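Examination of the molecular architecture
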Amino acid sequence: MRISCPLCGPRDRREFYYRGAAVALQRPAADAGEDAWQAYVFLRDNPAGVTRDLWYHAQGCGAWLVVTRDTASHEILATELAAEVAS
Amino acid sequence: MRIAGKGLLDRSKPVAFRFDGVRYEGLEGDTLASALLANGVRLMGRSFKYHRPRGVLSAGSEEPNALVTIGRGADRIPNTRATVQEIFSGLDAVSQNRWPSLAVDLLGLNDLAAPFLGAGFYYKTFMWPAAFWEKLYEPAIRRAAGLGALSGQADGDVYDRAYAFCDLLVIGAGPAGLMAALVAGRAGADVILADEDARMGGRLLSETGAVGEEAGVSWAGEVLAELESLPNVRLMRRTTVVGPYDQGTFGALERLGHHLPHRGGGPLECFWRIVARRSILAAGALERPIAFRDNDRPGIMTAGAVRSYLNRWGVSPGRAVTVFGNNDDAHRTARDLVDAGVHVAGLIDSRHDAPQSDLFPVYRGAQVCGSAGRRGLENITIRSIAGEDRLQTDCLAVSGGWNPSLHLTCHMNTRPHWREDIAAFVPAPGAVPGLSAAGACNGTFSTAGCLREGAAAARAALEDLGRTAPPVVVPEAEDDPYRITPLWAVAGRGRAWLDFQNDVTVKDVKQAAAENFRSVEHMKRYTTQGMATDQGKSSNVAALAVLADVTGRSIPETGATGFRPPYSPVAIAALGAGGSGKGFAPERQTTSHAASLDRGAPMIEAGLWYRPSFFPAPGEKTWRQSCDREVRMVREAVGICDVSTLGKIDIQGPDAARLLDFVYTNGFGSLQVGRVRYGLMLREDGYVMDDGTTARLADQQYLMTTTTAAAGDVMRHLEFVTQGLHPDWDVRLISVTEQWAQFAVAGPWARALLNGLLDAPLADGDWPFMACGEVSVMGVAGRLFRISFSGEHAYELAVPARYGEALFRELVARAEGLGGGPYGMEALNVLRIEKGLITHAEIDGRTTAFDLGLGRMLSSKKDFIGKTLAQRPGLLAADRQRLVGLKPVGAVKLITAGAHLFAAEAEPLRANDQGWVSSTAFSPTLGHQIALGFLSRGPERLGEVVKMVDHLRGVETLCEVVAPVFFDPEGGRARG
Ligand SMILES: [Zn+2]
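Residues numbered from 1 in each chain as written. Chains lettered and ligands numbered in written order. Predicted model: local features only at pLDDT ≥ 70, side-chain atom pairs only at ≥ 80, totals over all residues. Heavy atoms only, no water.

Some thoughts on the overall build of chain B
Rules: Each helix is a run of DSSP H or I of at least 4 residues and each strand a run of E of at least 2, with the numbering of both proceeding from the N terminus. Each radius of gyration reported is based on C-alpha atoms, and the globular scaling rule is 2.2 Å times the count of residues to the power 0.38. Each residue's exposure class comes from its accessible area (1.4 Å probe, protein chains only) as a fraction of the maximum for that residue type: buried when under 20%, exposed when over 50%, partly exposed otherwise. When checking whether two residues touch, look at their non-hydrogen atoms; a contact exists if any pair is within 4.5 Å. Reported accessibility uses the Shrake-Rupley method at a 1.4 Å probe radius. Residues are deemed covered only where the shown protein chains occlude them. Neither His nor the chain ends is counted toward charge; the positive residues are Lys and Arg and the negative residues Asp and Glu. Think of each charge as sitting on NZ of Lys, CZ of Arg, CG of Asp or CD of Glu.
On a plain count of helices and strands, chain B comes out with 25 helices and 50 strands. A globule of 976 residues ought to have a C-alpha radius of gyration of about 30 Å, yet chain B, at 38 Å, is considerably larger. Seen through its principal axes, chain B has C-alpha atoms that stretch 115 × 70 × 55 Å. Burial statistics for chain B: of 976 residues in total, 58% are counted as buried. Across chain B, the fraction of contacts at a sequence separation of at least 24, relative to all contacts at a separation of at least 6, is 66%. For chain B, the accessible area works out to roughly 38800 Å², and carbon and sulfur atoms hold 53% of it. Averaging the positions of the 103 positive and the 109 negative side-chain charges in chain B gives two centres separated by 4 Å.

Below is the structure:
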């Protein structure tokens, strides 16, 4: 599998660290309540289809990326900098 | 036998080799199979289950029968296809799966037991008693039914791995692949042309037809010469593309050393990862046999293989050859043999409308229904309307038609399509993104069709790549229609073989269907059809057709079994190249590494780092002696320890303090310039992630230290927070772990030592506990931190890494002048356990700040990572296992890490488990064993005696629960 880092270009997936769903970017407020925090930290979808997850270009530029990909076809549909998605 | 005037080999280059100890001679360019056939050797192996005598079926990597072991001793390689192995001077090949010899195989008794070994026998026989399976049945079956064996010794061969990138990968160098590579190569695209064969040309090497004005093989030679001359084209011979992966990545195995008598230390194989923007599959097609009674006798092979042996290697596999087919292509074999002067005893064509010939007798509408001969074919039985007839023959060339080599198009889970007109499966379009199929692997069997499709596929790829296709004229070539009438199995009694390698017969498939294993996937598993190392390349389609027939369905209705990577077997050693032993694992060494080795310090791994365990002094015989001395040295004089392996992260910017406040549980906003603070980090789920100190070097500059183990994790975490959660914050991070060498100077004489070394002595009152600042060390700008991991009055002195070694040697020399010296990891560990300081033995991912007695460090005044979930009731429950100290109070004085804790009178059972021991040490300061551990309600139980039980080592020790800080609990020594 290869991921196109917006800063470095297409690279082998071995250069990247996988974290999980991009939900991690939507951190609730401290007082958002149990349900919001439970969902943020523990609840994850497991789609057969399009998913967005976080990858860290550990052996490259150090950028966190949001990768949109299809878990069924393995097609990578988009790669964005997490910093741009989050701001 | 070798045929005069035939073949592409140089008759003046003989090569001597051995097979089963007998010396033979072949020619340079021979495979083991062609050389043995040239010497009249037909028997090359024994079948897997029934130990039936077998010869070659094919002339390529699909070979199911002729598997041999190459070489002897540790480097021997089993299950090598004789059809692929090139001969070289001194080649030593041995047949396998027979005892005592290939000719007299006593295990052939299995063949007599055949009625009991049919489909599903694994599931039906040997079921009772259950205990017998593992101990008796399975080992016995495995011994009798096996392939070649490994030596059991370490593999001394060298394997390599490599990476390549290209615009266009062309898989297969037959007419389609050559044409595609030529078009793309002339267009200037970066092209890789890979072929599993030692010689490129594909079927052109085995056929006599012309391409353009010349012989096909000459045309191939000219194209290859041009491709060789193009700097943008790379030809990879002996390279099998074994599987496609995501985003245009392909795995390929290059065989570099199997054909060489001496490799000179070079690799045997190289596993390539090739990344291609576009790819063309031009893998050709594989001929399939027809099942009939005893169709597995040595001398019976595919018709295309006979043409290969004749036209490429100049060998006729027989003196009186017969041909059996259901298509026009089979007739070529008979014509080529006659042209070469070989006697063709007859061509048996199952079609009533088969073409006639005046060169050899044609038996139209006839079938071969049996064979006979001892250890090899002597005659066949032909059945036609006229009845049965026998024909003397020592070689039968069989063609049941051709199956496109579409394997790679199935690897990403796409099933092929059935084409009725050619009675074969073809690749589903788009099966592998970026890949298109051309030529025979796409169901186009004529040479002209292959050339046309290869050129067209290359033009389409060039268009995708944004390149202009050059004008290339596709040469004229044979363009015969492919006429076939399906015939899969000849009806009749006896055993007709489908899967030669796994010994699966037509009867087995019928039996599976009768027992309701009607799904092709069930049939496959029940009979083991197609599950051998050849993945049923020559048998799957026929087996499917037989299943379709007996279940009254069409082939497309019955389904198709897919193929999985690798296309042909790949040794684990090749996949793991660079990964055996230390492999490419980097070694991280501190600047004091050489100085530590000079002092005889044994090194211990800490992640990728190497750190000294202890520094043995003259006369010391055990590590404990050295460790105890080093601990006393730090407590009584001064010790030097390299602490450069701790992660160091430089954090700068107006929002640096906000970041620290957010990732640490305790407040950092109030930290003054020139001061250091201990901080605790949580994961978002509320558990502790890491701890360490952070120094404020300047108004907007902080230096964070992490534990050695978590340095990478913390860096990644900070990057996530700054990029993913707060991209608005103006703060920058960089790891400076390797830029600074840092040494602990610890002990009552630490200050005296530094005052002698630093260019300006430390002014009284300017350097209280947890102070930091810039210092000048013999003219070098350094940093000094007054922090302590030993509980003593201590400093950490940092200089740019290039001065590290010199500073270490200087510090050690000065320490020795004060009655001290260097100390290693063992003493460091004892010192911190005496002080109840935690490491990742305690921060093991399951402990909370509350468990560690650090609950008060969770600020209530701010939000921070992990704050909300750290408040979960379960993480604050009073009966959680919490940090305590332990010391032995009974007769047994040993406390072992990993042991569990129980109430003194309780049975040491899991149900009674109350905690465990995380760190232990002998304390030379206190004169007894001490330990840190986690005990349910621990801090409430100080003074209680609990029972430590180490079930693994058989140790049981009564321990008193004490506070985790054993030495100087007030901390006066570090502060004073
Ligand atoms: Zn990058």
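Here we look at empty space enclosed by the protein
All names here are of chain B. This is how the line gets drawn: Buriedness for pockets is judged along seven lines, at least five of which must meet protein on both sides within 12 Å for an open set on the 1 Å grid over protein atoms alone, while cavities are sets there where a 1.4 Å probe fits but cannot get out, and lining residues have an atom within 4 Å of a point. Grid points are joined across faces, edges and corners, and a volume is the space filled by probe spheres set on the points. Each residue gets one label: Ala, Val, Leu, Ile, Met, Phe, Trp, Tyr, Cys and Pro are nonpolar, Asp, Glu, Lys and Arg are charged, and the others, such as Gly, are polar.
One pass over the full model with this rule turns up six cavities of 30 Å³ or more. Roughly 220 Å³ of internal volume is contained in the largest cavity. The wall of the largest cavity is formed by 20 residues, among which F425, N540, V541, T561 and F563 lie closest to the centre. Elements supplying a minimum of two residues to the lining of the largest cavity: β25 (402–404), α12 (520–527) and α13 (540–550). The residue inventory of the lining of the largest cavity, partitioned by class, reads twelve nonpolar, six polar and two charged.

Considering the coordination of the zinc ion
Residues and elements named next belong to chain A. Counted only if it meets this: Only nitrogen, oxygen and sulfur atoms qualify as donors, provided they sit within 2.8 Å of the metal or within 3.2 Å for Na, K and Ca; with water excluded from the atoms, sites may seem incomplete. Each label reflects the angles at the metal, where four donors whose angles all fall between 85 and 135 degrees are tetrahedral, four or six donors whose opposite pairs open beyond 155 degrees and whose other angles stay between 65 and 115 are square planar or octahedral respectively, and the rest are irregular.
The protein atoms that coordinate the zinc ion are C5 (SG), C8 (SG), H57 (ND1) and C61 (SG), at distances of 2.1 to 2.3 Å. Considering all four donor atoms around the zinc ion, the spread of angles at the metal, 104 to 117°, places the coordination shape in the tetrahedral class. Note on C8: relative accessible area 26%, which makes it partly exposed.

Here we look at the sheet that holds strand β6 (residues 76–81) of chain A
Pairing between sheet strands relies on hydrogen bonds along the backbone, with the strands arranged either parallel or antiparallel. Worth spelling out the cut-off: Should DSSP find at least two bridges between two strands, the strands are taken to pair. All axes are obtained by fitting lines to C-alpha atoms, using only the stretch in contact for helices, and the reported angles, taken between N-to-C directions, cover 0 to 180 degrees.
The strand order across the open sheet formed by four strands is β3-β4-β5-β6 (chain A), and the pairing between neighbours is antiparallel. Pairing within the sheet leaves two strands with one partner each, and these edge strands are β3 (17–21) and β6 of chain A. Each adjacent strand pair in this sheet contributes to an overall mean axis angle of 25°, direction not counted. Both β3 of chain A and strand β4 (residues 50–56) of chain A contribute to a ladder of four bridges, which runs antiparallel. Within the sheet, the bridge partner assigned to Y18 of chain A lies in β4 of chain A and is W55 of chain A. Seen against the sheet, helix α19 (residues 711–725) of chain B touches β3, β4 and β5 (64–70) of chain A and runs at an angle of roughly 80° to β5 of chain A.

Points about the interface of chain B and chain A
Which entries qualify depends on this criterion: Joining two parts hides part of their accessible area as seen by a 1.4 Å probe, and the buried area is that hidden amount summed over both. Throughout this description, the term salt bridge denotes a Lys or Arg side-chain nitrogen within 4 Å of a carboxyl oxygen of Asp or Glu.
At the junction of the two partners, chain B supplies 23 residues and chain A supplies 26 residues. Buried area between chain B and chain A, summed over both chains or domains, comes out near 2200 Å², and the portion from carbon and sulfur atoms is 57%. Broken down residue by residue, the surface that chain B buries against chain A is led by Q247, R716 and F720 of chain B, which jointly contribute 28%. Linking chain B with chain A are two salt bridges, by the criterion used here.

A closer look at the side chain of D167 of chain B
Heads up, the condition is: As used in this structure description, the phrase polar contact means that two N or O atoms lie within 3.5 Å; if the pair is within protein, one of them must be able to donate a hydrogen and the other to accept it, and residues adjacent in sequence are counted only when both atoms belong to side chains.
You can see D167 of chain B is positioned in strand β8 (residues 159–171). At 2.9 Å, the side chain of D167 of chain B and the backbone nitrogen of D190 of chain B are in polar contact.

Side note on the UniProt feature "domain: Aminomethyltransferase C-terminal" (unreviewed entry) in chain B
Heads up, the condition is: UniProt positions are given in the numbering used here, feature names are shortened, and annotations may be inferred rather than shown by experiment.
In this numbering, the UniProt entry assigns the feature "domain: Aminomethyltransferase C-terminal" (unreviewed entry) to residues 882–968 of chain B. Counting secondary structure, residues 882–968 of chain B comes out at 0% helix and 49% strand; the distance between its end C-alpha atoms is 21 Å.

A closer look at the nonpolar core
Residue and element names in this part refer to chain B. Under the convention used in this document: Throughout, nonpolar core names a set of buried Ala, Val, Leu, Ile, Met, Phe, Trp, Tyr and Cys residues whose side chains join them through atoms within 4.5 Å. Each domain span listed reflects an automatic or database assignment of domains.
Counting 48 residues, the largest nonpolar core has F17, F19, L32, L36, V56 and Y309 as the members making the most contacts within it. Sorting elements by how many residues they give to this core places helix α1 (residues 32–38) first, with six residues. Here this core gathers at least three residues from each of two domains, domain 1 (14–106) and domain 3 (286–401 + 482–558). Beyond its immediate sequence surroundings of up to four residues, L32 is in contact with F17, V68, A82, Q85, I87, L91 and A93. With 47 residues, the next largest nonpolar core counts L193, A220, L235 and A461 among its residues.

Focus on the environment of W749 of chain B
Residue and element names in this part refer to chain B. Here W749 lies in the loop between β40 (740–746) and α20 (750–757). Classification of W749 by relative accessible area gives partly exposed; the value is 43%. Separated by 115 residues in the primary sequence, W749 and V634 place their C-alpha atoms 8.9 Å from one another. Excluding residues within four positions of it along the chain, W749 makes contact with E636, A637, V638 and L818.

Let's talk about the sheet that holds strand β39 (residues 732–735) of chain B
All names here are of chain B. The antiparallel open sheet is built from five strands, whose spatial order is β36-β37-β38-β35-β39. A single partner strand is all that each edge strand has here, and the edge strands are β36 (676–682) and β39. Averaged over all pairs of adjacent strands, the angle between strand axes in this sheet comes to 25°, irrespective of strand direction. Two strands pair when backbone bridges link them, and β36 and strand β37 (residues 688–698) are joined in this way by seven bridges, in the antiparallel orientation. The residue bridging M681 from the neighbouring strand is D690, located in β37. Contacts between helix α18 (residues 656–663) and the sheet are confined to β35 (647–652), β36, β37, β38 (701–706) and β39, with β38 contributing the most and set at about 30° to the helix.

Quick word on the side chain of T393 of chain B
Residue and element names in this part refer to chain B. Tracing the backbone through its elements, the reader meets T393 in the loop between β23 (387–392) and β24 (395–399). For T393, a relative accessible area of 2% corresponds to the buried category. Of note is the side chain of T393, whose polar atom sits 2.9 Å from the backbone oxygen of C395. Apart from residues lying up to four places away in sequence, T393 is in contact with A320, V321, T322, L377, E378, N379 and I380.

Observations regarding the UniProt feature "domain: GCVT N-terminal" (unreviewed entry) in chain B
Mapped onto this numbering, the UniProt entry annotates "domain: GCVT N-terminal" (unreviewed entry) at residues 594–862 of chain B. The distance separating the terminal C-alpha atoms of residues 594–862 of chain B is 47 Å; by composition the span is 28% helix and 28% strand.

Considering the pattern of salt bridges
Residues and elements named next belong to chain B. Scanning all chains against the criterion turns up 59 salt bridges over all chains. For the salt bridge of D421 with R419, the shortest nitrogen-to-oxygen distance reads 3.0 Å. Using a relative accessible area of 28% as the deciding quantity, one classes R419 as partly exposed. Several salt bridges converge on common partners, so that one network encompasses R203, E207, R307, D329, R332, E478 and D480.

Some words on the packing of aromatic side chains
Between two aromatic rings, the relevant description is the distance of the centres plus the angle of the planes. To be explicit about the condition: Any two rings among Phe, Tyr and Trp, with Trp reduced to its six-membered ring, count as a pair given centres within 6.5 Å; such a pair is stacked if its planes are under 30 degrees apart, edge-to-face if over 60, and tilted if neither. Criterion for a charge above a ring: Lys NZ or Arg CZ within 6 Å of the ring centre, and within 35 degrees of the ring normal.
Within the structure shown, the criterion is met by 17 aromatic pairs over all chains. Measuring from centroid to centroid gives 5.8 Å for Y50 of chain B and W497 of chain B, while their planes differ by 65°, and the two rings are edge-to-face. Pair noted here: Y50 of chain B is in the loop between β3 (45–46) and β4 (53–54) and W497 of chain B is in strand β29 (residues 497–499), with a separation of 447 residues, a long-range link. The same class applies to Y50 of chain B and to W497 of chain B, which are both buried. Through pairs of rings, three or more aromatic residues link up here, namely Y17, Y56 and W64 of chain A together with F720 of chain B. Residue placement shows R882 of chain B over the ring face of F850 of chain B; its charged tip is 3.9 Å from the ring centre.

Concerning a nonpolar patch on the surface
Rules: The patch calculation keeps residues exceeding 30% relative accessible area without a salt bridge and links them within 9 Å when they carry like charges or within 5 Å when they are nonpolar (Val, Leu, Ile, Met, Phe, Trp, Tyr).
Where nonpolar side chains cluster on the molecular surface, the patch consists of V889, V945 and L958 of chain B and spans about 190 Å² of accessible area. With respect to the secondary-structure elements, V889 of chain B resides in the loop between β45 (881–888) and β46 (900–903).

Describing the domain arrangement of chain B
One frequently used descriptor of interface size is the decrease in accessible area upon assembly of the parts. Per the domain assignment, the segments of chain B are domain 1 (14–106), domain 2 (159–285 + 404–464), domain 3 (286–401 + 482–558) and domain 4 (878–976). Computed from C-alpha atoms alone, the centre-to-centre distance between domain 2 of chain B and domain 4 of chain B is 67 Å.

Re the pairing of strand β50 (residues 955–962) of chain B
Every other side chain in a regular strand lies on the same face of the sheet, so the side chains alternate between the two faces. All names here are of chain B. Pairing analysis gives four bridges linking β45 to β50, with the strands arranged antiparallel. For G885, the partnering residue across the bridge sits in β50 and is V962. By the bridge criterion, six bridges tie strand β49 (residues 945–950) to β50 in an arrangement that is antiparallel. Residue pairing in the sheet places V945 in a bridge with E960 of β50. Here β49 hands over to β50 after four residues, with G954 in that stretch at a positive phi of 70°.

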